[in-house]
Amino acid sequence: MGRSDRNALSRRGLLAAAGAAVGLPGTLGAARAASATTGAQVGAGDRRGAPAAESEAFGPVVVDPADSRYESLLRGNNFRFVGAPEEIRVLGSTAQVVRAVSDAVRSGRRVAVRSGGHCFEGFTADPGVRLLLDLSPMDAVGFDAERGAFAVQPGAVLGRVYRRLFTGWGVTIPAGGCPDVGAGGHLSGGGYGPLSRRYGSVVDHLYGVEVVVVDLDGTVRPVVATREPDDPNRDLWWAHTGGGGGNFGVVTRYWLRSPSATGTDPAHLLPQAPRELLARLVTWAWDERMTEQAFSTLLRNFGTWHESNSAPGSPNAGLYAIFEPAHRSAGSFRLTVRIDGDLPGADRLVSGFVDAVTAGSGVTPTLDVRERMPWLHPTTWPGTGESGDLVTRRYKGKAGYLRRSFTDRQLASIYRHLTNSTGGPTGGMLIVGYGGQVNAVDPSATAVAQRDAVMKAVYHTVWADEGDDEANLSWIRAFYREVYADTGGVPVPGEVSDGSYINYPDTDLADPAWNTSGVPWHQLYYRQNYPRLQQVKARWDPRDVFRHALSIEPPA
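Residues numbered from 1 in each chain as written. Predicted model: local features only at pLDDT ≥ 70, side-chain atom pairs only at ≥ 80, totals over all residues. Heavy atoms only, no water.

An unreviewed UniProt entry lists the chain under the name FAD-binding oxidoreductase, with Kitasatospora nipponensis given as the organism. The UniProt entry for the chain carries the following comment under Sequence similarities (unreviewed entry): "Belongs to the oxygen-dependent FAD-linked oxidoreductase family." (UniProt positions renumbered as here; feature names shortened; annotations may be inferred.)

Asker: What's the story with the packing of helix 8 (residues 292-308) against helix 9 (residues 346-358) in this structure? I'm lost.
Answerer: A packed helix pair is summarised by two numbers, namely the angle formed by the two axes and the spacing between the axes. Where helix 8 contacts helix 9, the axes come no closer than 7 Å and their chain directions differ by 135°. The orientation of helix 8 with respect to helix 9, classified from their angle, is oblique. For the pair helix 8 and helix 9, the contacting residues are Thr-297, Leu-298, Asn-301, Phe-302, Trp-305 and His-306 in the first and Phe-353, Ala-356, Val-357 and Thr-358 in the second. Residues of the contact of helix 8 with helix 9, tallied by class, amount to 6 nonpolar, 4 polar and no charged. (Axes fitted to C-alpha atoms, helices over the stretch in contact; angles between N-to-C directions. Helix = DSSP H or I, 4+ residues; strand = E, 2+ residues; numbered from the N terminus. Parallel < 35°, antiparallel > 145°, perpendicular 65-115°, else oblique. Contact = heavy atoms within 4.5 Å. Nonpolar A, V, L, I, M, F, W, Y, C, P; charged D, E, K, R; others polar.)

Asker: What's the story with the packing of helix 11 (residues 408-418) against helix 12 (residues 469-483) in this structure? I'm lost.
Answerer: It is the contact of helix 11 with helix 12, at a shortest axis distance of 9 Å, that shows an interaxial angle of 165°. The angle between helix 11 and helix 12 places the two elements in the roughly antiparallel class. In this structure, helix 11 crosses over helix 12, and the sense of that crossing is right-handed. Taking contact as the criterion, the partners of Arg-409, Gln-410, Ser-413, Ile-414, Arg-416, His-417 and Leu-418 in helix 11 are, on helix 12, Trp-475, Ala-478, Phe-479, Glu-482 and Val-483. When grouped by side-chain class, the residues that make up the contact of helix 11 with helix 12 number 6 nonpolar, 3 polar and 3 charged. (Left-handed = near helix turned anticlockwise from the far one by under 90°.)

Asker: I keep staring at the side chain of Asn-503 and nothing clicks. Help me out?
Answerer: One can find Asn-503 in the loop between helix 12 and helix 13 (521-526). A distance of 3.1 Å separates a polar side-chain atom of Asn-503 from the backbone oxygen of His-186. Within the structure, the side chain of Asn-503 is placed 3.1 Å from the side chain of Tyr-501, a separation counted as a polar contact. (Polar contact = N/O pair within 3.5 Å; in protein donor to acceptor, adjacent residues only side chain to side chain.)

Asker: Before we go on, may I ask you to explain the nonpolar core in this structure?
Answerer: For soluble globular proteins, nonpolar side chains are generally found buried alongside one another. Counting residues in hydrophobic clusters, the biggest one holds 119 residues, and the most contacted among them are Phe-323, Leu-335, Phe-353, Phe-406 and Tyr-459. Those residues in contact with Phe-353 that sit more than four places away from it in its chain are Phe-302, Trp-305, His-306, Leu-319, Ala-321, Leu-335 and Val-337. The next biggest cluster of nonpolar side chains, apart from the first, holds 19 residues, and it includes Ala-104, Val-111, Val-113 and Val-212. (Core = buried A, V, L, I, M, F, W, Y, C linked by side-chain atoms within 4.5 Å. Buried < 20%, exposed > 50% of the residue type's maximum accessible area, 1.4 Å probe, protein only.)

Asker: Help me understand the confidence of the model for the chain in this model?
Answerer: Detailed reading of the predicted coordinates is not advisable wherever pLDDT falls low. Here the chain averages 90 in pLDDT, while 88% of its residues score no lower than 70. This stretch, residues 1-55, has a pLDDT under 50; its non-local contacts, to residues over four places away or in other chains, come to 191 contacts. When the criterion is pLDDT under 50, residues 384-388 qualifies, and its contacts beyond four places in sequence or with other chains add up to 12 contacts. (pLDDT = per-residue confidence, 0-100.)

Asker: Explain helix 12 to me, please; I cannot follow it from the model alone.
Answerer: One turn of the α-helix equals 3.6 residues, which is why residues spaced by three or four share an orientation. The terminal C-alpha atoms of helix 12, which comprises 15 residues, lie 21 Å apart, in line with the 21 Å expected from a rise of 1.5 Å per residue. Buried within helix 12 are the following residues: Asp-469, Asn-472, Leu-473, Trp-475, Ile-476, Phe-479, Tyr-480 and Val-483. Down the axis of helix 12, the buried side of the element spans an arc of 160°, and every buried residue falls inside it. Exposed side of helix 12, more than 90 degrees from the buried face: Glu-470 and Ala-471 are the residues found there. Lining the buried residues of helix 12 we find strand 14 (394-402), helix 11, strand 15 (427-433) and strand 16 (455-463). (Expected span 1.5 Å × (residues − 1). Arc of directions from axis to C-beta.)

Asker: Looking at this structure, I do not really get unusual backbone geometry. What am I missing?
Answerer: Phi is mostly negative for residues that are not glycine, and the peptide bonds are mostly trans. With an omega dihedral of -5°, the bond running from Gly-59 to Pro-60 counts as a cis peptide bond. Turning to its location among the elements, Pro-60 is positioned in the loop between helix 1 (3-17) and strand 1 (61-63). The backbone of Arg-527 shows a phi angle near 50°, a positive value even though the residue is not glycine. Within the fold, Arg-527 resides in the loop between helix 13 and helix 14 (530-540). Look at Asp-544: it is not a glycine, yet its phi comes out positive at around 55°. With relative accessibility at 21%, the residue Asp-544 sits in the partly exposed group.

Structural data, given as structure tokens:
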């Protein structure tokens, strides 16, 4: 393998094999943990809900439009959206959050919360938002001995969470693959990642939350809610197991402990982190050999393999793969695979999977490499492997759960839009392996309703200039609508599809111009769990303080 091929593996392929390509969930909620350093124990606070005394070493910092820091702090990850709040408050503790929300309620100003800022849509940049809370300094990760669980703050990006858990205790969580995503909204939206087929959704390991809520009389207070059956606040915990951020209050702390964990040793309270990662990268050229039949065969094979190998306990549940068909103008597309290198027969499982995907396609990869490496290295690699990160910061994403492989008609639509003249090299899609242990959980046990899906599809386009907005949005909207043409332009739950994923929010689903199915957006995201989420909303946010374009609506 030449030097350039090796670089392709180490810089792009291995990042994708570690799951980085799907790490753009929304960050609408926020979380905090009591201050801690790796290996340290932190206090849990009063179990009735009052937080422990906190050191306010940072903040609050108030930034207004006249401040030289305002423009730098204004934007999230998606530069398409720019708000105009009267103030940005950069906060460092639960007490500061309580004071900031109290100020907003008292003055009648709309408030929004940002932790990592990776939302697909402009929820925190809505023109109506007058007070933006930035929780990025709240980034501690530690072990709470009193609760017997790990505490995580919102500004703790996933890479930091992984590193702290791994270096301190040798454990991890089955969360997203992009190390730059904030834990705040990722956890509350039902995050997933490279270890989810083996260990479930990250919310399957969520023990509790601390949430700053607003009562009907305007009182602002922190509340602790856990999964304990006798917890009177348990419904608030449940709502944060996939209900999405920005709905019920400001999450100021998450506690994580696996439901099957016993004892008091922190090293046994979350899944053991892999020692070694086995990664494989396969790429194909968009040349004359990549016919529609060859392309569709690869995608169909990827889907049918997941149909047959995604049951809980499957020998292949430890294997995670992403198929990344890019637009033809990109010149090539790829398949990335990752697995715990210490799993029995790991090499054989990966080889069998790649053979199954390529069977009958008649095309030869231009690159096919595998490598073993220490697990933490690709898991926490800074950045996402995206090219041109400094300038291509405008994007649109859309998504859909899959219960089975795309139909032949859908595959034809995918091929047509990935080879047309209106798409560009930064447009395409991801088909991500899912299922496995995720599917072992009852759909009503958490707010994540899609518990029999075996894949997720993500449609995306990325660009740099504002002048290219219309062309890019038109391309991806037409692409998505045609794939789901049989169900009104959206992934209506049925034999093939099962709605969409709230951490990849798409306001088009609430727009009758793009959703002609007659199925409301909230059923696509939450299915049968939506009425229960509305009841939680009525109890914990009766004034509808926390809202955005796709927020939970109070019951009629």
